[in-house]
Every structure is written in structure tokens, then in C-alpha cells.
Amino acid sequence: MHIAEGFLPPAHAIAWGVASAPFVVHGVRSLTREVREHPESTLLLGASGAFTFVLSALKLPSVTGSCSHPTGTGLGAILFRPPIMAVLGTITLLFQALLLAHGGLTTLGANVFSMAVVGPWAGYAVHRVLRRSGVPLMVTVFFGAFVADLSTYCVTSVQLALAFPDPGSGFLGALGKFGSIFAVTQIPLAVSEGLLTVVVMRLLVQSSKGELIRLGVLSRRSGPGKGTGSAEGASGEQEAVAR
């Protein structure tokens, strides 16, 4: 990740593009509604997109000879929900393909599906389950970002294994090889991304507490270190359900 330009067979590239399209279209509608109804959120939206762009643009060499990088999608998914993150992630991947030669246009659909669709949804799901269980916010932010990062590379491993099965052991053999290559570097990277996301969220709690309450990230009656439980603010909970 990113899968390079022209690396996937045409049929696979088209299939992943078709699979990603509904999520992006839905995300565009969600983003348009968010900006129209709450124009004050534009700055935080831009910051979430910039966070994803900067982190996912870092190419770190792996001891296995490949390259890995953080994804940065967990923060935006927690703040604005996965549909909006699908759009921000797609924009990020498009600009990186055009300006940085990271990924490509033919593989954009596959990269969007792994980094901008599955990653945000997986990270957000973990965050919400833990938060509803009373786990402190910063702990749920760490695990949300960690899972968003790691699940992206799990999906990428599946995509590559489907495209290039092992001659002897088929899909499962290829999946084991691709997964082991990514895991050596990606697990510590996911931990680092989780910690960095916690730092950024702490800064946002200090500087944008009102906006976080509106988004349902913080409750009105509990601090960032407390669980939600029955203390979840009614307006924040309604925002979360509405999204």
C-alpha cells in the first residue's frame, strides 16, 4: 500500500473501482450535508484530510524490502464518521497518485477500498464498541487508529493475493506471504499511528471542545478520559445516530 500504477490486472482494477464507488458517492453526500449545515466544521475537515495526506505520504522502508506507511484515516473516521473519510481518503490518494507517484490511477479503486473504506469503517467500529462499553476516549482513539491502519494492510494483502496467487499453494499461500511482508513493519507503525492520533485528539479536546461535543466525540457531562455510558449527551448521541 499503495498498490502501484498498472500493478493489478485490468479486471481486478475495475472490480475494486466498482466496489469503492458507492462508498465514495455516499460520502460525497454526507460531506456536502456536513459543510452545508455546519460550515464551521470546514477547518476541522481540512485538518483531518491534511493529517491523512501527510501520514500516508510517508514511505518507510521495511526490513523485508518493501515499503510501508501510516494511513491517518482513523482520526477523520472518529471525528466525522467513515462516509466522509471515504471522500477525504479518495482525494488524498488521487493527489498522491498525480503528484507523488504513490499508487496510481488504475489502482485507485483498490487503494480507496483498503485505505479509505475498510480502514475507516474498521477503526470507527472498534472505537464505538469500546466507547459504548465505557472505555476512556483516548484508549478508544488509540485502538481505532491502530485498527484502521492495520486493517488497511490486511485488505491490501487480500487484494494482492487474489491478483497473484501462489503457483503451488494458491490464494492462501500468497496471502500468507503478502501478509507476513507487511506485518513486520506495519504492526509497529500502527502502534505509532495510534499514539500520534491520541496526541492530536488531546490537542483538539483543548482547542475545539465545543466542536467535538457537537460531533458526538465528547459528551457534555464526561471528560475525554471517561466512558460514555448513560452520561452521553443527548445532542451528541443524536448526532452520532444521524450520521
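Keep in mind that this is a model prediction, so the values were computed, not measured.

Draft legend 1. Expanded view of the overall build of the chain. If you tally the helices and strands in the chain, you get nine helices and two strands. Helices and strands appear in the chain in the N-to-C order α-α-β-β-α-α-α-α-α-α-α. Relative to its full complement of 243 residues, the chain shows a buried share of 51%. Here the contacts in the chain between residues at least 6 apart in sequence split such that 73% fall between residues at least 24 apart. Per element, the accessible surface of the chain, about 10600 Å² overall, is 72% carbon and sulfur.

Draft legend 2. Fine view of the environment of Thr92. Topologically, Thr92 is positioned in helix α4 (residues 82-100). Distance in space between the C-alpha atoms of Thr92 and Phe53 is 5.4 Å, their sequence separation being 39 residues. In contact with Thr92, other than residues within four places in its own chain, are Gly49, Thr52, Phe53, Ser56 and Met115.

Draft legend 3. Layout of the environment of Ala13. Within the secondary structure, Ala13 is located in helix α1 (residues 10-37). Residue Ala13 is classed as buried on the basis of its relative accessible area, which comes to 13%. Linking Ala13 and Gly109, residues 96 residues apart in sequence, is a C-alpha distance of 6.6 Å. Those residues in contact with Ala13 that lie beyond four places of it in its chain are Leu8 and Thr106.

Draft legend 4. Quick peek at unusual backbone geometry. Phi at Arg81 takes a positive value of approximately 80°, unusual for a residue other than glycine. Among the secondary structure elements, Arg81 is positioned in the loop between α3 (73-80) and α4. Classification of Arg81 by relative accessible area gives buried; the value is 3%. Phi is positive for Ala101, close to 60°, though the residue is something other than glycine. Tracing the backbone shows Ala101 in the loop between α4 and α5 (108-132). Note on Ala101: relative accessible area 62%, which makes it exposed.

Draft legend 5. Geometry of the confidence of the model for the chain. When pLDDT is averaged across the chain, the result is 87; 87% of the residues are at 70 or more. Contacts from residues 227-243, a stretch scored under 50 in pLDDT, to residues over four places away or in other chains number 31 contacts.

Draft legend 6. Expanded view of the packing of aromatic side chains. Applying the stated rule across the entire model yields five aromatic pairs. Considering the side-chain rings of Trp16 and Phe113, the 5.1 Å spacing of their centres and the 45° angle between planes classify their relative orientation as tilted. In this pair, Trp16 is assigned in helix α1 and Phe113 in helix α5, connecting sequence segments 97 residues apart. Phe113 shares its class with Trp16; the two are buried. In this structure an aromatic cluster arises from ring pairing among Trp16, Phe23 and Phe113.

Draft legend 7. Examining the packing of α4 against α5 more closely. As a packed pair, α4 and α5 sit with axes 9 Å apart at the nearest point and diverge in direction by 145°. The handedness of the crossing between α4 and α5 comes out as right-handed. Packed against α4, whose contacting residues are Pro82, Pro83, Met85, Ala86, Gly89, Thr90, Thr92, Leu93 and Leu94, the element α5 presents Leu108, Asn111, Val112, Met115, Ala116, Pro120, Trp121 and Tyr124 at the interface. Residues of the contact of α4 with α5, tallied by class, amount to 13 nonpolar, four polar and no charged.

Draft legend 8. Summary view of the packing of α5 against helix α6 (residues 137-163). Between α5 and α6, whose axes approach to 7 Å, the crossing angle comes to 150°. By the angle between their directions, the pair α5 and α6 is classed as roughly antiparallel. By crossing handedness, the relation of α5 to α6 is classed as right-handed. Across the interface between the two elements, Ala110, Phe113, Ser114, Met115, Val118, Gly119, Ala122, Gly123, Val126, His127, Leu130 and Arg131 from α5 touch Leu137, Thr140, Val141, Phe143, Gly144, Val147, Ala148, Ser151, Thr152, Val155, Thr156 and Gln159 from α6. Here the contact of α5 with α6 is composed, by residue class, of 13 nonpolar, 10 polar and one charged.

Conventions adopted
- Residues numbered from 1 in each chain as written.
- Predicted model: local features only at pLDDT ≥ 70, side-chain atom pairs only at ≥ 80, totals over all residues.
- Heavy atoms only, no water.
- Helix = DSSP H or I, 4+ residues; strand = E, 2+ residues; numbered from the N terminus.
- Buried < 20%, exposed > 50% of the residue type's maximum accessible area, 1.4 Å probe, protein only.
- Contact = heavy atoms within 4.5 Å.
- Areas by Shrake-Rupley, 256 points an atom, 1.4 Å probe, with all protein chains shown as cover.
- pLDDT = per-residue confidence, 0-100.
- Phe/Tyr/Trp six-rings, centres within 6.5 Å; stacked < 30°, edge-to-face > 60°.
- Axes fitted to C-alpha atoms, helices over the stretch in contact; angles between N-to-C directions.
- Left-handed = near helix turned anticlockwise from the far one by under 90°.
- Nonpolar A, V, L, I, M, F, W, Y, C, P; charged D, E, K, R; others polar.
- Parallel < 35°, antiparallel > 145°, perpendicular 65-115°, else oblique.

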